[in-house]
Amino acid sequence: MSPMGQESVSPARTCREKALSILSTTASEGPSPDQGQSAAIASTVAEAPAVPQRGAGRRAISLKGRDLTQGSIPRNLWWLAWPQMVESVLNVVDQIIDLIWAGIISVSAIAGVGIAQTYRQLTMTGRMGFDTAMRAQVARAIGAKDARLANHLALQGFTLSGGFSLIIGLSGAIFAVPLMQLLGLGQDIIDSASLYLRIQFLSVIGVSFRQMGGAALQAAGDAITPMKATTLTRVTHIVLSPFLIFGWLFFPEMGIAGAALADVIAQFGGSTWNFAVLFRGSSRLHLTLRGYRPDLPILWRIIKIGFPASVTGMERSTAQLVLVALVAHFGTLALAAFALTRRAESLAQLGGGGLGQASGVLVGQNLGAGSPDRARKTVLWALGYVIALAGALTLLLIIFAPWVVRAFTRDPELIPLGVDWLRILALSVFCLGAGQVFAQSFNTAGATLIPMVVSLVSFWIIEVPLALMLTGTPIPVGLFGLTVTFPTIAHWGQFGIAWAITIAMLIRALAFVPYFLGDGWLKKAVI
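Reading guide: rules and limits
Residues numbered from 1 in each chain as written. Predicted model: local features only at pLDDT ≥ 70, side-chain atom pairs only at ≥ 80, totals over all residues. Heavy atoms only, no water. Helix = DSSP H or I, 4+ residues; strand = E, 2+ residues; numbered from the N terminus. Buried < 20%, exposed > 50% of the residue type's maximum accessible area, 1.4 Å probe, protein only. Contact = heavy atoms within 4.5 Å. Areas by Shrake-Rupley, 256 points an atom, 1.4 Å probe, with all protein chains shown as cover. Lys, Arg positive; Asp, Glu negative; His and termini not counted. Salt bridge = Lys/Arg side-chain N within 4 Å of Asp/Glu carboxyl O. Core = buried A, V, L, I, M, F, W, Y, C linked by side-chain atoms within 4.5 Å. Axes fitted to C-alpha atoms, helices over the stretch in contact; angles between N-to-C directions. Parallel < 35°, antiparallel > 145°, perpendicular 65-115°, else oblique. Nonpolar A, V, L, I, M, F, W, Y, C, P; charged D, E, K, R; others polar. Left-handed = near helix turned anticlockwise from the far one by under 90°. Phe/Tyr/Trp six-rings, centres within 6.5 Å; stacked < 30°, edge-to-face > 60°. Expected span 1.5 Å × (residues − 1). Bend = angle between axes of the 7 residues up to and from the residue. pLDDT = per-residue confidence, 0-100.

**Details of the overall build of the chain**
When its secondary structure is counted, the chain shows 19 helices and two strands. Out of the 527 residues in the chain, the part that is buried amounts to 56%. Long-range pairs, those at least 24 residues apart, make up 80% of the contacts in the chain with a sequence separation of at least 6. Surface summary for the chain: the accessible area is close to 21,000 Å², and the carbon and sulfur share equals 68%.

Here's what the structure looks like:
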């Protein structure tokens, strides 16, 4: 197998050869009663798209027979995007609900929960690189009409992602307090949220299994099932949280940690839903553990593609932690304002996230079908939609910022700070949406290196130094054993950090344009 980036894509032939190789290997391990039937099915799927039988219900047609490599690009894009946008809203609302509960308890709890959520997001994005690679491979195989290979690739992706989640979740639960101390947080914040963070790390395991199942289904063209699983998860969490926080009925009174425990329970339900569909075969994928074996070449390819994607995802979460450390110099009120406005700002990012993931799946499937022109047009459609949607949401956030902040807190000192933070950060949403479409599309095409480089440069070379220079407050930074203090170019205090985030997001989006105009990202081999 040639190194990634040196191969050109020949999707249908490559996928069929891989499928035949899998079937041949299975045959060499010994006969089984249904072997002939499996080979016939795989051969049929490799040559033609699935066709619903007469009398099949609407569900079977929509989830098993829709060919996203044909027909209207904008229609296919919205078919995949709207369920993922709903998921994005539910995920953000879920985090916001936790912050609202924390606001009832104390300002310290708001800051602590915001930081704990950032840590969990860091661990999740580190794992999601494997999901990105698996999504790219499954989408490519589905585009080439090779469902058996897609099933095999999904199981290999689950192997890596599931193992990583178990290790990270357990390790984070053990070292939760030292991780909070690492940021120099006050003891009041640590006391308020350390148990919440421990349980949130354990919930990472459940979240990971739900998300990896959802990623496989989305790559195969089914975005409806993951949305239903996420809805079940979020509703369960929201309903169960107050019972565990306040000790209603026979439940223990756990404070804000009760919200985290409710999340653990809810994630189990969502994971079960996705995997039931995958193993039952009611969507395009139909997984089975019969004959399962680790495929080392495929696992290695997932790591090669997924590692840069993991770095890209972790960069965003790492940025949050570094910015938390910078904001901490301005006190607990500033930390609370930063935490709640980042969650509110996330609501306006729903267009970029959903459209970016949908664009990526369509890019992968069209490349698998040998249609690079459709792949490029898909990205352009997604950019047009996300710019319009993000622009409208940004305007709404700016206008209604006071009402948004009051939904989280009634603290008279926190409200004006939160309003200023939110209005500045709302501008970054406009830029972030376009960047998400570019990055997700490149990643699912298998071109994960460029998004990683752009993300790292925009954060470490632009965002952090600019934040330090705009605050007007000398903040020493340790670098390779040396202490560095950046020069001051403005005296904007804590809001200098918000402006640095916005400027960096703009530069990041613009940096992707030259790579998009080239053909390199259309020629990456992922299988």
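What follows picks up the thread again.
**Quick look at unusual backbone geometry**
Phi is positive for lysine 145, which is not a glycine, with a value near 65°. If you trace the backbone, lysine 145 turns up in the loop between helix H5 (107-143) and helix H6 (147-174). Despite not being glycine, leucine 249 shows a phi value in the positive range, around 55°. Within the secondary structure, leucine 249 sits in the loop between helix H9 (224-246) and helix H10 (257-280).

**Details of the side chain of arginine 135**
In this fold, arginine 135 is placed in helix H5. Despite its burial, arginine 135 remains without a salt bridge, the nearest opposite charge being carried by aspartate 131 at 6.2 Å. Residues within four places of arginine 135 in sequence aside, it is in contact with Gln84, Ala215, Gln218, Ala219, Gln357, Val361 and Thr444.

**Structural notes on the nonpolar core**
Within the largest apolar cluster, 68 residues are counted, with the highest numbers of intra-cluster contacts made by Tyr119, Leu185, Trp421 and Ile497. Among the elements that make up this core, the one with the highest residue count is helix H16 (residues 414-444) (nine residues). Every residue in contact with tryptophan 421, bar those within four places of it in the chain, is listed here: Val327, Ala334, Ala337, Phe338, Thr341, Gln494, Phe495, Ile497 and Ala498.

**Observations concerning the packing of helix H4 (residues 73-105) against H9**
Their axes nearest at 9 Å, the elements H4 and H9 cross at an angle of 10°. The angle between H4 and H9 falls in the class roughly parallel. Along its contact with H4, which presents Trp82, Pro83, Val86, Glu87, Leu90, Asn91, Val93, Asp94, Ile97, Asp98 and Trp101, the element H9 presents Ile224, Pro226, Met227, Thr230, Thr231, Arg234, His237, Ile238, Ser241, Pro242, Ile245 and Phe246. Taken together, the residues of the contact of H4 with H9 sort by class into 14 nonpolar, five polar and four charged.

**Let's talk about the packing of helix H17 (residues 449-470) against helix H18 (residues 495-511)**
Packing of H17 against H18 brings their axes to within 8 Å, and their N-to-C directions diverge by 155°. As summarised for this structure, H17 and H18 are arranged roughly antiparallel, according to the angle between their axes. For H17 against H18, the interelement crossing comes out right-handed. Listed contacts from H18 to Val454, Ser455, Ser458, Ile462, Glu463, Leu466, Ala467 and Leu470 of H17 are Gly496, Ile497, Trp499, Ala500, Ile501, Ile503, Ala504, Met505, Ile507, Arg508 and Ala511. Here the residues of the contact of H17 with H18 sort into 14 nonpolar, three polar and two charged.

**As for the packing of aromatic side chains**
Under the definition given, this model contains 23 aromatic pairs. For the ring pair phenylalanine 275 and phenylalanine 279, a centre distance of 6.3 Å and an interplane angle of 20° mean the geometry is stacked. Here phenylalanine 275 pairs with phenylalanine 279, and both are found in helix H10, just four residues apart, close to one helical turn. In this structure phenylalanine 279 comes out as partly exposed when scored by relative accessible area, which is 32%.

**A look at helix H8 (residues 187-219)**
Helix length check: H8, at 33 residues, gives a terminal C-alpha distance of 44 Å against a target of 48 Å (1.5 Å per residue), a fit within 8%. Roughly 45° is the biggest bend found in H8, and it falls at alanine 193. The buried fraction of H8 amounts to 24 of the 33 residues, a majority that puts the element mostly inside the structure. Residue glycine 221 follows H8 closely and has a positive phi angle near 100°.

**Examining the environment of arginine 66**
Note that arginine 66 resides in the loop between helix H3 (58-64) and H4. Classification of arginine 66 as partly exposed rests on a relative accessible area of 28%. Between the C-alpha atom of arginine 66 and that of asparagine 76, which follows or precedes it by 10 residues, the distance is 9.3 Å.

**Thoughts on the environment of threonine 272**
The residue threonine 272 is located in helix H10 in this model. The exposure class of threonine 272 is partly exposed, given its relative accessible area of 41%. Expressed as a C-alpha distance, the spacing of threonine 272 and phenylalanine 209, which sit 63 residues apart in the sequence, is 8.7 Å.

**Points about the side chain of serine 241**
Its location among the elements puts serine 241 in helix H9. Serine 241 has contacts with Asp98, Trp101, Ala259 and Ala262, leaving out every residue within four places of it along the chain.

**A short note on the confidence of the model for the chain**
Averaged over the chain, the pLDDT score is 82; the fraction of residues at 70 or greater is 84%. When mean pLDDT is taken per element in the chain, helix H19 (residues 513-517) scores highest with 96 and helix H2 (residues 35-47) scores lowest with 38. In the predicted structure, residues 18-62 sits below a pLDDT of 50 and forms 44 contacts with residues beyond four places in sequence or in another chain.

**Overview of the environment of alanine 511**
Checked against the element boundaries, alanine 511 lands in helix H18. The class of alanine 511 is partly exposed, set by a relative accessible area of 39%. It is 6.9 Å that separates the C-alpha atoms of alanine 511 and valine 454, two residues lying 57 residues apart in sequence.

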